[in-house]
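Overview (structure and organization)
Chain by chain, the residues run as shown.
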Amino acid sequence: GSSKLQPPMRHELSKDFKLPYFINPSFLDSVNLWMGKGEIVSRLHHDDNENLATIIQGEKKYILCSPATANVLQVLGEVKLVSANGRIMYHHSDDSHGEHFCLRNLFEEGEVPDDCVEVVASEGDVIYIPGGWFHQVRSAGEPYHQAVNIWWAL
């Protein structure tokens, strides 16, 4: 992926941010700063790339589910194969950004399915989400919540 920031801004931000030693910059997909006020709940989904989330302020509650739960979680795309490495392949992959979302809202359901786990991350915590793992996130914090995510390919 390519950055949408203009080169001078990328250069300025790079002074405050260092990639972890185990991430090869050649495989970097994106780095995002998430900021919000009040409670925000993401849709249940998976990403193809590896993900490190660092909580700067506030708290995030994650529900993480194994790629093997794809059919149970009601993925929008038609699952063709779940590889041993967690990569999920879909039939008729026309919409690469829609098929990885799920119909279920696990926070509303109030019960975590088998092969899923809840994790709470607070200020200073870092959580690793492997590519292919489904996750839904509830972010909260007063007055704000902030986090930085790094996505990279293996």
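Coordinates for the structure precede this section.
Worth saying up front: this structure is predicted, and the values here are computed from it rather than measured.

**A look at the overall build of the protein**
Helix and strand counts for the protein stand at two helices and 11 strands. When its helices and strands are written in sequence order, the protein yields α-β-β-β-β-β-β-β-α-β-β-β-β. The proportion of buried residues among the 154 residues of the protein is 35%. Taking the contacts inside the protein whose residues are at least 6 apart along the sequence as the reference set, 84% of them involve residues at least 24 apart. Of the roughly 9500 Å² of accessible surface on the protein, a fraction of 53% belongs to carbon and sulfur atoms.

**Concerning the side chain of Asn149**
Considering the arrangement of structural elements, one finds Asn149 in strand β11 (residues 145-152). Its relative accessible area of 7% is what places Asn149 among the buried residues. For Asn149, the side chain forms a polar contact with the side chain of Trp34, separated by 2.9 Å. Here Asn51 takes part through its side chain, which lies 2.9 Å from a polar atom of the side chain of Asn149. Look past the residues within four positions of Asn149 in its chain and what remains in contact with it is Ser30, Val31, Asn32, Trp34, Asn51, Leu52 and Ala53.

**Some words on the packing of aromatic side chains**
What the rule picks out here adds up to four aromatic pairs. Ring centres 5.4 Å apart and planes at 90° place the aromatic pair Tyr21 and Phe22 in the edge-to-face group. For Tyr21, a relative accessible area of 80% translates into the label exposed. Overall, the relative accessible area of 46% leaves Phe22 in the partly exposed class. Chaining the aromatic ring pairs together yields one cluster made of Tyr21, Phe22, Tyr128 and Trp152. Here the guanidinium or amino end of Arg43 rests over the ring plane of Phe101, the centre of that ring lying 4.4 Å away.

**Focus: the nonpolar core**
Of all hydrophobic cores here, the largest spans 14 residues; its most connected members are Cys65, Leu73 and Phe134. Contributing elements (two or more residues each) for this core: β5 (59-65), β7 (88-90) and α2 (106-109). Setting aside chain neighbours within four positions, we find Cys65 in contact with Leu73, Leu106, Asp115, Cys116, Trp133 and Phe134. Among the nonpolar cores identified, the runner-up in size contains nine residues, and Tyr62, Ile127, Val137 and Ala147 belong to it.

Criteria and thresholds
Residues numbered from 1 in each chain as written. Predicted model: local features only at pLDDT ≥ 70, side-chain atom pairs only at ≥ 80, totals over all residues. Heavy atoms only, no water. Helix = DSSP H or I, 4+ residues; strand = E, 2+ residues; numbered from the N terminus. Buried < 20%, exposed > 50% of the residue type's maximum accessible area, 1.4 Å probe, protein only. Contact = heavy atoms within 4.5 Å. Areas by Shrake-Rupley, 256 points an atom, 1.4 Å probe, with all protein chains shown as cover. Polar contact = N/O pair within 3.5 Å; in protein donor to acceptor, adjacent residues only side chain to side chain. Phe/Tyr/Trp six-rings, centres within 6.5 Å; stacked < 30°, edge-to-face > 60°. Lys NZ or Arg CZ within 6 Å of the ring centre and 35° of its normal. Core = buried A, V, L, I, M, F, W, Y, C linked by side-chain atoms within 4.5 Å.

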